[in-house]
Amino acid sequence: MPILTYRDALTEALREEMERDPDVFLMGEEVAEYDGAYKVSRGLLDTFGDKRVVDTPITELGFAGLGVGAAMAGLRPIIEFMTFNFALLAIDQIVNNAAKISYMSGGQFRVPIVFRGPSGGALQLAGQHSQTFDSWYANVPGLKVVAPATPADAKGLLKTSIRDNNPVIFLEGEMLYNTKGEVPDGEHLVPLGKADVKREGSDVTIVCYAKSVAPALKAADTLQREAGISCEVIDIRTIRPLDTDTLIDSVRKTNRGVIVEEGWPYSGIGAQLVDTIQREAFDELDAPLLRVTGADVPMPYNKKLERAAKPNPQKVIDAVKQVTYTA
């Protein structure tokens, strides 16, 4: 299988879906002439022209609304936000229109639209440009929320999201664009609502997604090597819909769980995962579930404070040792 960066896997998915379906188009700030702020749309303008790769003014609410209308009319828009921090300006269109139109019209309208772009912290972008809004969108009925961790999943999940007849929030880890991995040749689709066991284990389940997968895997390797603790690492991949079966099956096998996420702890994705596990597998648990999250503060600009505010392998190791009573 070829080795691609996360960025190139996304580009390949966009190109393949635009070639496959003439109703698919890309719209957003600097997606055309500049090849996208993070170069995900590189070369697409030359191939598909300015009717299908559309540069917009700095008007998130406006072009998000235009995308919703286009989807209602039968097209399949992909709306790129330069960062999901800027999607706050389009939240009314996402939440009050895209998510609700199918329900409020009794199914007369579908809204097959993908809102995509970088999410979460990067490097010293400070509090207003380093926010993880996963739980905001996952809270809204009518939205599907996707957060891939690897190039293969990025390509497969984006292609599936574009073909879905519902609005999809597609969160790309800003620090993942240059990461590399194998991507299957040919048609590669990853179903929404299906988690992936990134590492099999028997002593504790580590549940993670997006940028938290890498520190979880590093922690699992260290724990196996230094303490003989076998960790099963579950990448949920899609936050909504959630693959509850894979999650619960793993916890029933290991009897312990640690949840890792980049977002804030209060009302975070981890809180929902804890609730799901304790409802479905309470009698199987041999220890309380623990969460490893970002700090409950706006992201600091200072490099050392920023590093301290994010999940890392050592924080995961400490949590696993707590639930296995080896700390």
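Residues numbered from 1 in each chain as written. Predicted model: local features only at pLDDT ≥ 70, side-chain atom pairs only at ≥ 80, totals over all residues. Heavy atoms only, no water.

To continue, consider the overall build of the chain. Looking only at helices and strands, one finds 12 helices and 14 strands in the chain. On C-alpha atoms alone, the chain measures out to a radius of gyration of 20 Å, which is about the 20 Å that the 2.2 N^0.38 rule sets for 327 residues. The principal-axis extent of the C-alpha atoms belonging to the chain is close to 60 × 45 × 40 Å. Sorting the 327 residues of the chain into buried and exposed places 55% on the buried side. (Helix = DSSP H or I, 4+ residues; strand = E, 2+ residues; numbered from the N terminus. Rg over C-alpha atoms; globule rule 2.2 N^0.38 Å. Buried < 20%, exposed > 50% of the residue type's maximum accessible area, 1.4 Å probe, protein only.)

So, about the environment of Val274. Following the sequence through the fold, Val274 ends up in helix 10 (residues 269-281). A relative accessible area of 22% places Val274 in the partly exposed class. Remark: the alpha-carbon pair of Val274 and Arg42, spanning 232 residues in sequence, is separated by 40 Å. Apart from the residues lying within four places of it in its own chain, the contact partners of Val274 are Ile259, Leu289 and Arg291. (Contact = heavy atoms within 4.5 Å.)

In this section: the pattern of salt bridges. For the structure on display, the rule yields 24 salt bridges. Close ionic contact of Arg116 with Glu80 constitutes a salt bridge, the shortest N to O distance being 2.7 Å. With Arg116 in strand 5 (residues 114-119) and Glu80 in strand 4 (residues 76-80), this pair connects stretches of sequence that are 36 residues apart. A single burial state applies to Arg116 and to Glu80, both of which are buried. Between Asp153 and Lys198 there is a salt bridge whose closest N-O contact spans 2.9 Å. Remark: Lys198 occurs in strand 9 (residues 196-199) and Asp153 occurs in helix 7 (residues 151-163); sequence separation between them is 45 residues. On the accessibility criterion, Asp153 (6% relative accessible area) is buried. (Salt bridge = Lys/Arg side-chain N within 4 Å of Asp/Glu carboxyl O.)

At a minimum axis distance of 10 Å, the contact between helix 9 (residues 244-254) and helix 10 shows a crossing angle of 65°. Viewed along their axes, helix 9 and helix 10 form a crossing whose handedness is right-handed. Across the interface between the two elements, Thr244, Leu247, Ile248, Val251 and Arg252 from helix 9 touch Leu273, Thr276, Ile277, Glu280 and Ala281 from helix 10. Of the residues contributing to the contact of helix 9 with helix 10, the split by class is six nonpolar, two polar and two charged. (Axes fitted to C-alpha atoms, helices over the stretch in contact; angles between N-to-C directions. Left-handed = near helix turned anticlockwise from the far one by under 90°. Nonpolar A, V, L, I, M, F, W, Y, C, P; charged D, E, K, R; others polar.)

Our next topic: the side chain of Arg7. Tracing the backbone shows Arg7 in helix 1 (residues 6-20). Buried charge without a salt bridge: Arg7, with Asp8 as the nearest opposite-charge side chain at an N-O distance of 5.9 Å. A polar side-chain atom of Arg7 sits 2.6 Å from the main-chain carbonyl oxygen of Tyr38. Among residues more than four places away in sequence, those in contact with Arg7 are Tyr38, Lys39, Val40, Arg42, Tyr177 and Asn178. (Lys, Arg positive; Asp, Glu negative; His and termini not counted. Polar contact = N/O pair within 3.5 Å; in protein donor to acceptor, adjacent residues only side chain to side chain.)

With 44 residues, the main nonpolar core has Phe81, Ile94, Phe115, Tyr137 and Ile169 as its most contacted residues. At the level of secondary structure, the elements contributing two or more residues to this core comprise strand 2 (24-28), helix 3 (60-72), helix 4 (91-98), helix 6 (134-138), strand 7 (168-173), helix 9 and helix 10. The element contributing the most residues to this core is helix 3, with five residues. A domain-level breakdown of this core finds at least three residues from each of domain 1 (3-182) and domain 2 (196-323). Not counting the four nearest positions on each side in its chain, Ile94 is found in contact with Phe81, Ala87, Ala99, Phe115, Tyr137, Leu143 and Ile169. (Core = buried A, V, L, I, M, F, W, Y, C linked by side-chain atoms within 4.5 Å. Domains from an automatic or database assignment.)

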